[in-house]
Amino acid sequence: MKIHFKIPYFTYWGQRILISGNIPELGNNDLSKALILNFQAPEDWSAEIELTGVKPIQFTYKYILYTEQNNQYTEEWGDDRQLWLDPAKVDHFFCIDAWNSPGSIENVFLSAPFHQVLLTHSHFTANKNSTLKYTHLFKVKMPMLMKDEAICLVGDCDALGNWSTSKPIIMSQTEGDWWTTEVDLSKATTDVHYKYGVYNSENKQFRFFESGPDHIAPVIKSKKTLVQLSDGFVRISNNTWKGAGVGIPVFSIRTKNSFGVGDFVDLKLFVDWAEKVGLKLIQVLPLNDTIGTHTDADVLPYAAISAFALNPLFLNLPAMGKLPATHSLQKEYKSKQAELNAKDLVPFLDVINYKLQYAKELYIVQKDKFLEDKDFKTFFTDNEFWLVPYAAYCVLRDKFGTPDYREWDGYSIYDNQKMKEFSDKNQAHFDDIAVNYFIQYHLHVQLSEAATYAHQHGLVLKGDIPIGVNRNSVDTWVSPELFNMNMQAGAPPDMFSIKGQNWELPTYNWEQIERTGFDWWKKRFSQMSNYFDTFRIDHILGFFRIWQIPANQVEGIMGYLNPSIPIHINEFTEKGLWFDYNRFCKPYITDSILWDFFGEEASWVKTNYLQIEDGWILRLKSQYQSQVVVDKLFAEGIISERVKWGMFDLISNVLFFEVEGSQGTQFYPRFGMDSLRSYRDLDNYTKDRLRELYVDYFYRRQDSKWYQSGMEKLPALKRATNMMICGEDLGMMTACVTTSMKELGILSLEVQRAPKSNKIEFFHPADAPYLSVVTPSTHDMSTIRGWWEEDRGVTQRFYNSQLGHWGEAPYFCDWWICRDIILQHLHSPAMWSIFQIQDLLGISEEIRRPNPHDERINVPSNSMYSWRYRLHINIEDLLEKEDFNNELRNYIIQAGR
């Protein structure tokens, strides 16, 4: 039996189409052994294989685009090309296929939120064609059908109705997402032209044809020959569906039964409100365990100690079970609950300490029954790979009083066998281990129930995956080889942070991660999909390149782009410059600079921390060239705060960082070079030439490398999940990121006050691409009302140019201004418009919080305030605000969302 493959695909020079499958003839899914197709003008690729067996065979296959220049394999989307063939019945089988692009809008509608929740209404499906004899099998996909609609087939021959729409062939949805039908075209004398259409079964009427030219089915006059035409997606506009969502941290939810913080059970009540006003999505912040130090520092949701464990902060204690009535914790529960729930902000330590103690006491009461529970055993088996190390980590963290596992004596290096023995049920400390199983199991049950409840009410949940992990986390302890532990992730300087950001998170060792087949990331996505239908990738730019800061430095300004193409020493010569290593790569220090940085303390700094080289050049002593060392001196009270910041500025007053291992031949320019005193003291010719190198490094030469870097990671990770992926693509964005996201069907984030072009001051929601999320603010920003009061000039320009109002802007953000901004976003062409809950409440003078500056979730300058925001109104009371709820619902409905 011969199988003939054919697919149209436009390629460039150096590209080829391959076909890979799970049979030897197609390389057994090894891309390097995939079958190479032959090119046929104008843009067809074809090949054939011969199967010699006599038994029926079943196999899967997919097409691959191979680019020789960078040895890159780009797989088409999906794993649903399957063949069931019987050599006794078929001699020749023709597969005429269409490439399934990952960036197709239709593929987004086949992702989890739509496939499982939002578009689950049943369609009319005809009985499977029982024709005993057929020559052609037609297959096509169409995810965006209304209730009681089906796909039909009409063509220019008798078998296809001669273009009559009165009796079209109704197709059946019998193979997953494929609509199929079998047709006998043996009487056709020439190739058959055909089209797909939409048929309404309720009134039994043909509705409309797809757009575009006719499809053509070849007619092959040969016995025992079958032709399968897989035409991809029906050519009907699929950019009309739109949804609205709300963003709220789980900890911010307030109900009458909350324990000072929102929890997973409270999430159900919030679902009730979201459903009532017509929202389709709830977006939350990361939910992973952050408890590393048992201090207020653990409140940060983006520094989890585990990429898999959930945060005990979100436990609902009554849902776990009650302690004996005589127990002191049970006796004080109601009074404690009332006390904590009355707080304006989340009383983080009070809540987490009480919940952990309650859970430990409840475990002692229930442990015998719990450890034998069938559901728990299933949970344990499914999650053992992360649960056992996590539980051991928690015990050792508390035993040694630090999350820094490097200080854990004999446990500083993770050993799997040793941890199995440490976690054995016969160990004296086993209860300390198992209580973490107990907590994680109940968190899993409660969040799963909340997700199921949301689905039952027509809502999807959107999670958040941070770009990094805590340096002292279970993940870095167990798999340090997956991380660059001598580096820190961060961000270069911007309008919000003039010295950049240092997130103090290790960067990823992507080469090692790729060698494992991205196993850790795939497990992470799989864990997310237990609870979420879609997720936001925090700082998606980090998958293309990361701002990397050496571990011995503190400020983000000391970082560089990785990967990136550095500046070679020969490039300085080409610019007519002599490369002076000491002048360019060492801190530039003069007496004038010392006075400007340190004032009257300049002489003391010069005596204690500087030395003279070559008779007159001032240099930092070798032991003080690290900002970490300087920071420690300040923490110990040895230097003043002014000296600390002055020393930081001295250390960062360099023009280039040498690339480690390059032996003085490659260099990274320091970001913001032209603002440095070192740069300003150069002659104009040198400044101009260095500026040219700087601009070329940051804005011209990197795009192709970053594109390749991103496409080595994101396609494999996207294939690991069917969740809808949204990228947080804010910041110093490049064209390669936008291109890659479009190619992969990853939704972008569009924020009105943070345009991605420096040529405009504001981004208008009406200009958003369809595959995007539009929002007026994020958790890292002030709310609409707070932002309105920050800069009067900006507010005035926004009022006139974006809202289209004449005259002077109101000083305060009145309810109707919030309404106008929200309506702009609701009427955007973007697939999703998502709002912080604070911005939605802002349209009601009655409900909105009196002081808008109390609404911000993350205030970087105030760590005691950040990540503690709570709603000022109980959800039960919000549900009763009929006028507000109806008004908001009407806005959403009128916008077609």
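Scroll up to find the structure this text is about.
Residues numbered from 1 in each chain as written. Predicted model: local features only at pLDDT ≥ 70, side-chain atom pairs only at ≥ 80, totals over all residues. Heavy atoms only, no water.

Draft legend 1. Layout of the overall build of the protein chain. A tally of regular secondary structure across the protein chain gives 30 helices and 35 strands. Over its C-alpha trace the protein chain gives a radius of gyration of 31 Å, about what one expects of a compact globule, namely 29 Å for 897 residues. Oriented by its inertia axes, the alpha-carbon framework of the protein chain measures out at about 100 × 80 × 75 Å. Out of the 897 residues in the protein chain, the part that is buried amounts to 57%. Pairs at least 24 apart in sequence give 71% of the contacts found in the protein chain among residues at least 6 apart. Roughly 38700 Å² of accessible area belongs to the protein chain as shown, and the carbon and sulfur atoms make up 50% of that amount. Mean positive and mean negative side-chain charge positions of the protein chain (91 and 114 charges, respectively) differ by 2 Å. (Helix = DSSP H or I, 4+ residues; strand = E, 2+ residues; numbered from the N terminus. Rg over C-alpha atoms; globule rule 2.2 N^0.38 Å. Buried < 20%, exposed > 50% of the residue type's maximum accessible area, 1.4 Å probe, protein only. Contact = heavy atoms within 4.5 Å. Areas by Shrake-Rupley, 256 points an atom, 1.4 Å probe, with all protein chains shown as cover. Lys, Arg positive; Asp, Glu negative; His and termini not counted. Charge placed at Lys NZ, Arg CZ, Asp CG, Glu CD.)

Draft legend 2. Molecular detail of the side chain of serine 626. One can find serine 626 in the loop between strand 29 (617-620) and helix 18 (627-635). The contact partners of serine 626, leaving out residues within four places of it in the chain, are Asn552, Gln553 and Ile651.

Draft legend 3. Region of the structure containing the pairing of strand 31 (residues 666-669). Examined bridge by bridge, strand 27 (residues 567-568) and strand 31 share two bridges and lie antiparallel to one another. The residue bridging isoleucine 567 from the neighbouring strand is phenylalanine 667, located in strand 31. Of the pairings in the sheet, the one linking strand 30 (residues 656-658) to strand 31 comprises three bridges and is antiparallel in character. Looking at the pairing, phenylalanine 657 lines up with tyrosine 668 of strand 31. (Pairing = 2+ DSSP bridges.)

Draft legend 4. Spotlight on the sheet that holds strand 31. One open sheet holds the three strands; their spatial order is 27-31-30, and the pairing between them is antiparallel. A single partner strand is all that each edge strand has here, and the edge strands are strand 27 and strand 30. The sheet contacts of helix 21 (residues 684-699) involve strand 27, strand 30 and strand 31, and relative to strand 31 the element is tilted by about 85°. (Axes fitted to C-alpha atoms, helices over the stretch in contact; angles between N-to-C directions.)

Draft legend 5. Seen up close, the side chain of serine 111. Mapped onto the secondary structure, serine 111 falls in the loop between helix 1 (105-108) and helix 2 (112-118). By relative accessible area, serine 111 is classed as buried at 5%. In this view, serine 111 contacts Asn722, Met723 and Met724; residues no more than four positions away in its chain are not counted.

Draft legend 6. Region of the structure containing the environment of glutamine 512. By the element assignment, glutamine 512 lies in helix 12 (residues 510-515). Between the C-alpha atoms of glutamine 512 and proline 829, which are 317 residues apart in sequence, the distance is 41 Å. The contact partners of glutamine 512, leaving out residues within four places of it in the chain, are Glu481 and Leu482.

Draft legend 7. Inspection of the pattern of salt bridges at higher detail. Under the definition given, this model contains 42 salt bridges. Residue arginine 719 pairs with glutamate 75 through a salt bridge whose shortest N-O separation is 3.3 Å. In this pair, arginine 719 is assigned in helix 23 (residues 714-719) and glutamate 75 in strand 7 (residues 72-75), connecting sequence segments 644 residues apart. Note on glutamate 75: relative accessible area 16%, which makes it buried. Glutamate 76 is paired through a salt bridge with arginine 81; the nearest N and O atoms lie 2.7 Å apart. Glutamate 76 sits in the buried class, given a relative accessible area of 2%. Accessibility expressed as a relative area gives 8% for arginine 81, which makes it buried. (Salt bridge = Lys/Arg side-chain N within 4 Å of Asp/Glu carboxyl O.)

Draft legend 8. The packing of aromatic side chains, seen in detail. Summed over all chains, the structure comprises 83 aromatic pairs. Here a set of aromatic residues connected by ring pairs shows up, and it is made of Phe308, Phe385, Trp386, Tyr390, Phe483, Tyr508, Trp510, Trp520, Trp521, Phe525, Phe535 and Phe543. One cation-aromatic arrangement involves lysine 141 over tryptophan 178; the distance from NZ or CZ to the ring centre is 4.7 Å. Lying across the ring of tryptophan 706, arginine 545 places its NZ or CZ 5.6 Å from the centre. (Phe/Tyr/Trp six-rings, centres within 6.5 Å; stacked < 30°, edge-to-face > 60°. Lys NZ or Arg CZ within 6 Å of the ring centre and 35° of its normal.)

Draft legend 9. Quick look at the packing of helix 16 (residues 591-598) against helix 19 (residues 641-651). Two elements in contact, helix 16 and helix 19, have axes whose closest approach is 9 Å; the angle formed by their N-to-C orientations is 140°. Classified by the angle between their axes, helix 16 and helix 19 sit oblique to one another. Each of Ile593, Leu594, Trp595, Asp596, Phe597 and Phe598 in helix 16 lies in contact with helix 19, whose residues at this interface are Arg642, Val643, Gly646, Met647, Asp649 and Leu650. Along the lines of polarity and charge, the residues of the contact of helix 16 with helix 19 split into eight nonpolar, one polar and three charged. (Parallel < 35°, antiparallel > 145°, perpendicular 65-115°, else oblique. Nonpolar A, V, L, I, M, F, W, Y, C, P; charged D, E, K, R; others polar.)

Draft legend 10. Just the sheet that holds strand 26 (residues 560-562), in detail. Judged by pairing direction, the sheet is antiparallel, and its four strands sit side by side in the order 23-22-25-26 without closing on themselves. Sheet topology places strand 23 (501-508) and strand 26 at the edges, where each strand pairs with a single neighbour. With strand direction ignored, the average angle separating the axes of adjacent strands in the sheet is 55°. As paired elements, strand 25 (residues 546-550) and strand 26 share three bridges and run antiparallel to each other. Directly across from glutamine 548, in strand 26, lies its bridge partner tyrosine 560.

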